[in-house]
Amino acid sequence: MSEYSYRLAEQSDIQAITDIYNAAVVRGGSSADTTPRTYEQRRAWVESHHDPYAVFVIEAPTDGGGRQVVGFSALSVFYDRAGYDGVTDLAYYIDPAWQGRGAGTFAVSKLLEECRRRGMRKACGIIFADNAGSIALMRRFGFSRFGLMPSAATDSTGTMRDMSYWYLDL
């Protein structure tokens, strides 16, 4: 995992964020968006994150010595009411070419560091119940499942999926 780095997302990262997210949408199984998002929609989403919430990019080295965005992650509002301040919804998406290479583990590790640094008290993950990779990450980092909503969301493939809800006290 030492090959990866992370930083706050910048305007210049929005195309990579859009491409990585849309790959997940088209593939199905990790987003309830049923059609790809536009650059402008992703830009608005990134810009909607205000401190203590944020969007980050995960980078890996290129053969030429530079860095490339291979994923992104976010700390987002869990529920938009003041009583939920300090509770965040985690999200992370990894470029398909980089999945299974530790980038997701790196992303969740860094998100949890950011949660603690930003004074969050709980982190939540809302995941399709059959997304084995993300469920394994939740378990690996000590999250507890607190709910299951059957037949809650459809993905781009038209598959109706159950949603699982996870939390971690920070």
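Here is a short report on the structure shown in this document. Because the structure is predicted, anything quoted here is derived from the model rather than measured.

Overview of the sheet that holds strand β5 (residues 122-128)
- Pairing is mixed across the open sheet formed by seven strands, whose spatial order is β1-β2-β3-β4-β5-β7-β6. Either end of the sheet is taken by a strand with one partner, and the two such strands are β1 (5-8) and β6 (144-154). This sheet shows a mean twist of 25 degrees between the axes of neighbouring strands, independent of strand direction.
- Here strand β2 (residues 54-61) pairs with strand β3 (residues 67-77) via eight bridges, running antiparallel. Within β3, the residue paired with I58 across the bridge is G71.
- Against the sheet, helix α2 (residues 39-47) makes contact with β2 and β3, and its axis sits at roughly 60 degrees relative to β3, the strand it touches most.
- Contacts from helix α3 (residues 103-117) reach β1, β2, β3, β4 (87-94), β5 and β7 (160-169), with the element oriented near 155 degrees to β4.

Definitions and cut-offs
Residue indices follow the written sequence of each chain, beginning from 1 at its first position. In view of the model being predicted, local features appear only for residues whose pLDDT reaches at least 70, and side-chain atom pairs are presented and counted only at 80 or more, with totals across whole chains, interfaces and linings using the full set of residues. The side-chain figures draw on all heavy atoms in the structure; neither hydrogens nor water molecules are used. Whether two strands pair comes down to DSSP finding at least two bridges between them. A run of DSSP states H or I qualifies as a helix once it reaches four residues; a run of E qualifies as a strand once it reaches two. Both are numbered from the N-terminal end. In this analysis an axis means a line fitted to C-alpha atoms, helices contributing only their contacting stretch, and an angle means the value between N-to-C directions, from 0 to 180 degrees. In what follows, residue pairs with any heavy atoms lying within 4.5 Å of each other are defined as contacts.

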